[in-house]
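# Architecture at a glance
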Amino acid sequence: MAEFGLNEHHQNEVINYMRFARSKRALRLKTVNSCFQDLKDSRLVDETFTVDEVTEMLNGLQVVVHGEVETELINTTHTNVLLLRQLFFQAEKWHLKLQTDISELENRELLEQVAEFEKSEFKSSSKKANAESSKPKLAPLNEGGTTELLNKEIARLNEENEKLKSRLKTIETQATGALDEKVKMERTLKELQKVQGDQKVSHNTQEINNLEKTVADLKSDFEKSMNDNTANKKYLEESLVSTKHNLLKVQEQLVMAEKELDKKFQQTTAYRNMKDILTKKNDQIKELRRKLLKYEPED
């Protein structure tokens, strides 16, 4: 059946099913023929019959033949269901899902090809005997080590998949924490910039901006890597660790920058002037107190 694209094994299976169907069909035809023969032997004993008698005999024959044909059609349907059940059961063992196209069952061209194949395959009794002697059987899938190995591999893959899901969830949690930490750092940076006002610390600001850019790049790399396959998950973990370290470094440098700002603010002219004014005011207050004590009457 090269026209159907079947391999040798499946072609033999089709031949076996056609042989089974032919035997069932021949048996049912013999039964139908026996119905007519029984009518001839039991009722056609007279030379003349009335119209009513002929009608009665034909009605009885119709009921019998109808019952035989209906029984055969029902049995054929049920047999085909059992055949499909075997195929689907084997497919499910391999975790496959088969589909059927019912419309192809009425394809006249394919039906004619099947009829021609049946005619050529069973045209001689000798060929039929040889085919019967070499009749192959479907090997049960639950025998041998192939199915067991396949099931073990599927179980292993499922277990590995669950582990990867757990790791991915952990990475997502760490990424969320890193993003929250970045938001906090940005908020702290804005507050620091607000405090420093017009005072410029260009080199520290540039360094902080570079660190912010590094964090943003790491975040972008992380978001891109989230869509990669399992092999990139190790890289994501390393990137998250590096991001955490960089964030800690940013925190440390922000603290240092804040101290540096305080130190520089104390060194500004405005601060020194304010300190001098306060010192002079304190001296004036001390002098006034001294004078008050001098003119205060004694008890």
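The structure this text deals with has already been given above.
Residues numbered from 1 in each chain as written. Predicted model: local features only at pLDDT ≥ 70, side-chain atom pairs only at ≥ 80, totals over all residues. Heavy atoms only, no water.

### With respect to the nonpolar core
Our working definition: Put simply, buried Ala, Val, Leu, Ile, Met, Phe, Trp, Tyr and Cys residues joined by side-chain atoms within 4.5 Å make one nonpolar core. The cut-offs for exposure are 20% and 50% of the maximum accessible area for each residue type, with area from a 1.4 Å probe on protein chains only; residues under the lower value are buried, those over the upper are exposed, and the others partly exposed. Each helix is a run of DSSP H or I of at least 4 residues and each strand a run of E of at least 2, with the numbering of both proceeding from the N terminus. In what follows, residue pairs with any heavy atoms lying within 4.5 Å of each other are defined as contacts.
In terms of nonpolar packing, the biggest core is built from 11 residues, these being A178, M185, L189, L192, L211, V215, L247, V250, L254, A257 and L261. Going through the elements one at a time, α5 (146-196), α6 (202-225) and α7 (233-266) are the ones with two or more residues in this core. With five residues, the top contributor of residues to this core is α7. Apart from the residues within four sequence positions on either side, V250 is in contact with M185 and L211. Counting residues in hydrophobic clusters, the runner-up holds six residues, among them V32, C35, L61 and V65.

### What to know about the pattern of salt bridges
Any two side chains of opposite charge can pair, on the condition that their charged atoms come close. Worth spelling out the cut-off: Throughout this description, the term salt bridge denotes a Lys or Arg side-chain nitrogen within 4 Å of a carboxyl oxygen of Asp or Glu.
Taken as a whole and judged by the stated rule, the model has seven salt bridges. In this structure, R25 engages E118 in a salt bridge whose closest nitrogen and oxygen atoms are separated by 3.0 Å. Taken together, the positions of R25 in helix α1 (residues 8-42) and E118 in helix α3 (residues 108-121) put the pair 93 residues apart, joining distant regions of the chain. According to the relative accessible area criterion, R25 is partly exposed, its value standing at 40%. Assessed through its relative accessible area of 17%, E118 is described here as buried. Within this structure, R22, R25 and E118 form a network of salt bridges that share partners.

### With respect to α1
The cut-off we apply is this: Given the number of residues in a helix, its expected span is that number minus one, multiplied by 1.5 Å. Polar contacts, as used here, are pairs of N or O atoms within 3.5 Å; protein pairs need one atom able to donate a hydrogen and one able to accept it. Residues neighboring in sequence count only if both atoms are side-chain atoms.
Spanning 35 residues, α1 covers 51 Å between terminal C-alpha atoms, matching the ideal 51 Å at 1.5 Å per step. When we look at burial in α1, the residues that qualify are E13, I15, N16, M18, R19, V32, C35 and L39. Looking at where α1 begins, the residue whose side-chain oxygen comes 3.3 Å from the main-chain nitrogen of H9 is N7.

Just geometry here; none of it tells us what the structure is for.
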